[in-house]
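Here is what each chain is made of, one letter per residue.
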Amino acid sequence: MTGARVVMCTLTKAYLAPVMAGPRFDVLIAEEAGMTTLLRLFSVECLCRRAAIVVGDPRQLPPIVQSNEDLVRRAIGRGVFDVTIPDPLHSDVVAMLEIQYRMHPRSAILSAGCSMAAGSSTRPTARRPRRSPPARRFRACQLRSSIPEAARAASAPKGSSRINPGSAEITADLALEAIRGGATSVAVITPYAAQAAEVRRLLAERAIGDVVECSTVHRFLGRECDVVLIDLVDAPAAAAERPGDRRAEPAER
């Protein structure tokens, strides 16, 4: 690393790798900082002499913490933006992106607080569609009207996670419909690990488990597919039944 002007590594390697024990740097740029713990980020900041630039999404999922203890959550369960800049939209030290090239303009309406404009598809960083887009880009499925009463099942605890068999059945059927319709890149995303496991089982039953990716929200971050199915598992009523549940990282449970 002698003479290197730019060094790239993970946050963990920055303070555990022996080769990183001696060097100090003028500037630190920490990417995806919203998901890292404060202790890890502060440890890495000790390596820089002049400035630290933290790059991330203030609305991103928080760090994964397998504990509901108040002390643990205060120490490592809060993200850097929650602690340092609670109102990033009105801060002199924050630079917000104004243009995004990743999702269709209509997708932005589903993102709470998304104020970024969609970039032109002629930009070199934008992905060009391989075929004409479908006429309907969004479909919302309500279990109450979609399946018979006998087949419906509300979300219920499964260990420390949650599962909704009725929702999983509909999601698997929609994935099968997408594959039969010609989609070559299909993903299922859900907040709970137990639900992801159930959907994967149903996808295997339909012989599409090897062509449809099913993962939790945390594990799918940074990925993209032509067709994305979001299985929310919980309805508003179910969420209201758990007012004391402060688990912010159900994706890994």
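It should be noted that the structure appears before, not after, this text.
Residues numbered from 1 in each chain as written. Predicted model: local features only at pLDDT ≥ 70, side-chain atom pairs only at ≥ 80, totals over all residues. Heavy atoms only, no water.

Caption draft 1: Broad picture of the sheet that holds strand E8 (residues 212-216). On the basis of which strands lie adjacent, the open sheet formed by 3 strands has the order E8-E7-E9 and parallel pairing. For this open sheet the edge positions go to E8 and strand E9 (227-230), each flanked by a neighbour on one side alone. Here the strands of the sheet are splayed against their neighbours by 20° on average, with no regard to which way each runs. When strand E7 (residues 186-190) meets E8, the two strands line up parallel, connected through 5 bridges. Counted as the bridge partner of Val186 is Val212 from E8. Here helix H7 (residues 193-205) sits on the sheet and contacts E7 and E8; the angle it forms with E8, its principal contact strand, is near 165°. (Pairing = 2+ DSSP bridges. Helix = DSSP H or I, 4+ residues; strand = E, 2+ residues; numbered from the N terminus. Axes fitted to C-alpha atoms, helices over the stretch in contact; angles between N-to-C directions. Contact = heavy atoms within 4.5 Å.)

Caption draft 2: Molecular detail of the layout of surface pockets. Its volume calculated, the second largest pocket comes out at about 510 Å³. Surrounding the second largest pocket, 19 residues form its lining, Val7, Met8, Val27, Leu28 and Ile29 being those nearest its centre. Only helix H1 (11-16) and strand E1 (25-30) provide two or more residues apiece to the lining of the second largest pocket. No other element matches the 6 residues that E1 contributes to the lining of the second largest pocket. Looking at the lining of the second largest pocket residue by residue, the classes come out as 15 nonpolar, 1 polar and 3 charged. (1 Å grid on protein atoms, 1.4 Å probe; cavity = no way out; pocket = protein on both sides within 12 Å on 5 of 7 lines; lining within 4 Å. Points joined across faces, edges and corners; volume = space filled by probe spheres on them. Nonpolar A, V, L, I, M, F, W, Y, C, P; charged D, E, K, R; others polar.)

Caption draft 3: The arrangement of the nonpolar core in detail. Within the largest apolar cluster, 18 residues are counted, with the highest numbers of intra-cluster contacts made by Ala175, Val188, Val199, Leu203, Ile208, Val212 and Cys214. When residues of this core are traced back to their parent elements, those giving at least two are helix H6 (165-180), E7, H7 and E8. For this core, the leading source of residues is H6, giving 7 residues. Residues in contact with Cys214, not counting those within four places in the same chain, are Val188, Ala196, Val199, Arg200 and Leu203. Grouped together as the second largest cluster of nonpolar side chains are 14 residues, Leu28, Leu47, Cys48 and Phe81 included. (Core = buried A, V, L, I, M, F, W, Y, C linked by side-chain atoms within 4.5 Å. Buried < 20%, exposed > 50% of the residue type's maximum accessible area, 1.4 Å probe, protein only.)

Caption draft 4: Seen up close, unusual backbone geometry. The phi dihedral of Ala207 is positive, around 65°, even though this residue is not glycine. Mapped onto the fold, Ala207 is located in the loop between H7 and E8. Within the chain, Val233 stands out as a residue other than glycine whose phi angle is a positive 70°. Examined against the element boundaries, Val233 turns out to sit in the loop between E9 and helix H9 (236-240). Given a relative accessible area of 6%, Val233 falls into the buried group.

Caption draft 5: Seen up close, the side chain of Asp234. Along the chain, Asp234 turns up in the loop between E9 and H9. There is a polar contact of 3.2 Å between the side chain of Asp234 and the side chain of Arg162. A distance of 2.9 Å separates polar atoms of two side chains, one belonging to Asp234 and the other to Tyr192. (Polar contact = N/O pair within 3.5 Å; in protein donor to acceptor, adjacent residues only side chain to side chain.)

Caption draft 6: Local environment of the pattern of salt bridges. Inspection of the entire model under this criterion finds 7 salt bridges. Among the ionic pairs, Arg49 bridges to Asp26, the shortest N-O distance being 3.2 Å. Taken as a pair, Arg49 in strand E2 (residues 48-54) and Asp26 in strand E1 lie far apart in primary sequence, 23 residues in all. Among the residues examined, Arg49 registers a relative accessible area of 55% and is labelled exposed. You can call Asp26 partly exposed: its relative accessible area is 37%. The salt bridge involving Arg206 is made with Asp173; its shortest N-O contact spans 2.9 Å. Of this pair, Arg206 sits in the loop between H7 and E8 while Asp173 sits in helix H6; the two residues are 33 residues apart in sequence, bridging distant segments of the chain. Arg206 gets classed as buried once you look at its relative accessible area, which sits at 19%. One salt-bridge network, held together by shared partners, links Glu169, Asp173 and Arg206. (Salt bridge = Lys/Arg side-chain N within 4 Å of Asp/Glu carboxyl O.)

Caption draft 7: Representation of the environment of Val54 in the model. For Val54, the location among the structural elements is in strand E2. Placed 22 residues apart in sequence, Val54 and Glu32 show a C-alpha to C-alpha distance of 8.1 Å. With near-sequence residues (within four places) excluded, Val54 lies in contact with Ala30, Ala33, Leu41, Glu45, Val80 and Phe81.

Caption draft 8: Geometry of the environment of Gly209. Tracing the backbone through its elements, the reader meets Gly209 in the loop between H7 and E8. As a C-alpha pair, Gly209 and Ala172 span 37 residues in sequence and 9.7 Å in three-dimensional space. For Gly209, the contacting residues outside a window of four places in its chain are Leu203 and Ala204.

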